[in-house]
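Results of the structural survey
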Amino acid sequence: MSDSTPVAATAPEKLSWYRRLYLRVEALSSTKYALAAMLLVSVVDGSVFPIPPFALLVPMVLAQPKKWVQYAVMGTVASLFGGFIGYYLGDLLRQGAISFLDINLDVRITRFGINATLGELLGRNFWALALLCSVLPTPFKVVAIGSGMVGVPLDRFFLAAVLGRSVRFFLVSGVMRFFGPTARRWLRV
């Protein structure tokens, strides 16, 4: 005797808006506009865009491995430009919040062996966090806008961003170039 009960078809999984956007951006990598799209996404990633440029960079390097250095350099430069936009957005937010909320960053903290103003503490130590977060898979816009908001000196932000974004772009591109599609599973991009 056979069981004639129909097997329920499983409904396709509903993708989140973020995943759908990520897949659309990734699909651009196989078009003739891939490089322009990666540069645009790299610029906007530093200020407001929720998708990292690596969604385009990875398939582009896999498709044309000999161009990995070119893609890394161009992506780094575009990302730095976007980082400056984000930094200045953060600076504008900081200036607006300081005046609107009457925040005094010159308040001196003299406890626990600390003798500095609040502004000095934020500006002096945030650049190391900016460097770390520029390398790690964190949204660069958070680093850029945050650096501007807490008043990290522009030269320190620039140094952290150049070092961090260069490492990140060259690492992702290099791994894709030398280890190919199997490396895509290692890097969550």
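Details of the structure are given in the entry above.
Here the focus is the pattern of salt bridges. Note that side chains of opposite charge can pair when their charged atoms are close. Enumeration over the complete set of coordinates arrives at 3 salt bridges. With its nearest N and O atoms 3.3 Å apart, the salt bridge here joins D45 to R165. With D45 in helix α2 (residues 34-45) and R165 in helix α7 (residues 154-179), this residue pair connects regions lying 120 residues apart in the sequence. R165 carries the same exposure label as D45, and that label is buried. In this structure, D91 and R94 form a salt bridge, with 2.5 Å as the shortest nitrogen-oxygen distance. A residue pair is termed a helical-turn pair when its members lie 3 or 4 positions apart in one helix, as D91 and R94 do in helix α4 (residues 68-101) at 3 residues. Under the relative-accessibility criterion, D91 is labelled buried at 14%. One network of salt bridges, in which partners are shared, links D45, K141 and R165.

Below, the discussion takes up the packing of helix α6 (residues 140-150) against α7. At their nearest, the axes of α6 and α7 sit 11 Å apart, and the two run at 170° to each other. By the angle class used here, α6 and α7 are roughly antiparallel. From α6, F140, V143, A144 and S147 reach across to α7, where they touch F157, A161 and R165. A class-by-class count of the residues in the contact of α6 with α7 yields 5 nonpolar, 1 polar and 1 charged.

Attention shifts here to the packing of aromatic side chains. Throughout the structure, instances matching the rule amount to 8 aromatic pairs. With a centroid separation of 6.2 Å and 80° between ring planes, the pair formed by F84 and F157 is classed as edge-to-face. Of the two residues, F84 is situated in helix α4 and F157 in helix α7; the sequence distance between them amounts to 73 residues. Residue classification places F84 among the partly exposed residues on the basis of a relative accessible area of 23%. A relative accessible area of 2% places F157 in the buried class. Look at F140 and F157: their rings are 6.5 Å apart centre to centre, the planes differ by 15°, and that puts the pair in the stacked class. Linking F140 in helix α6 with F157 in helix α7, this pair joins segments that are 17 residues apart in sequence.

Attention shifts here to the side chain of R168. Within the element layout of this structure, R168 appears in helix α7. No salt bridge is formed by the buried R168, whose closest oppositely charged neighbour, D45, lies at an N-O distance of 7.2 Å. When sequence neighbours within four positions are dropped, the list of residues in contact with R168 reads F54, S134, V135, L136, P137 and T138.

On to the nonpolar core, then. V25, L56, L57, M60, V61 and M176 are the most contacted members of the largest nonpolar core, which totals 22 residues. Mapped by element, the contributors of at least two residues to this core are α1 (17-27), α2, α3 (54-63), α4 and α7. Sort the elements by how many residues they give to this core and α3 lands first, with 7 residues. Other than its neighbours up to four places away in sequence, V25 contacts V41, F49, I51, A55 and L56. Residues Y87, A130, C133 and V150 belong to the second largest nonpolar core, which totals 12 residues.

The next thing to look at is α6. Burial of α6 is extensive: 9 of the 11 residues sit out of reach of the surface. Positive phi appears at G151, one or two residues downstream of α6, with a value of about 80°.

Burial analysis of α3 places 8 of its 10 residues in the buried class, the great majority of the element. F54, A55, L56, L57, V58, P59, M60 and V61 are the residues of α3 that are buried.

Here we come to the side chain of S173. Structurally, S173 can be placed in helix α7. Relative accessible area serves as the criterion here: at 0%, S173 is assigned to the buried category.

Conventions and cut-offs
- Residue positions are given per chain, counted from 1 along the sequence in the order it is written.
- With the structure being a predicted model, the display of local features is reserved for residues of pLDDT at least 70 and the display and counting of side-chain atom pairs for 80 or more, all residues being used for whole-chain, interface and lining totals.
- Hydrogen atoms and water are omitted, and side-chain values are computed over all heavy atoms in the structure.
- A carboxyl oxygen of Asp or Glu within 4 Å of a side-chain nitrogen of Lys or Arg is what we treat as a salt bridge.
- The way it works is that DSSP assigns letters per residue, a run of H or I at least four long becomes a helix, a run of E at least two long becomes a strand, and they are numbered from the N terminus.
- Burial classes follow relative accessibility: with a 1.4 Å probe on protein chains only, a residue under 20% of its type's maximum area counts as buried, one over 50% as exposed, and anything between as partly exposed.
- For helices, the fitted line uses only the C-alpha atoms of the stretch in contact; every axis is such a line through C-alpha atoms, and the angle between N-to-C directions lies from 0 to 180 degrees.
- For classification purposes, an angle smaller than 35 degrees is called roughly parallel, one larger than 145 roughly antiparallel, one from 65 to 115 roughly perpendicular, and anything else oblique.
- Residue contacts are defined here by distance: any two heavy atoms, one from each residue, within 4.5 Å place the two residues in contact.
- Under this grouping Gly is polar, as are all residues other than the nonpolar Ala, Val, Leu, Ile, Met, Phe, Trp, Tyr, Cys and Pro and the charged Asp, Glu, Lys and Arg.
- Centre distance within 6.5 Å is the pairing criterion for rings of Phe, Tyr and Trp, where only the six-membered ring of Trp is used; planes under 30 degrees apart are then read as stacked, over 60 as edge-to-face, and the remainder as tilted.
- Neither His nor the chain ends is counted toward charge; the positive residues are Lys and Arg and the negative residues Asp and Glu.
- Grouping buried Ala, Val, Leu, Ile, Met, Phe, Trp, Tyr and Cys residues that are joined through side-chain atoms within 4.5 Å yields what is termed a nonpolar core.

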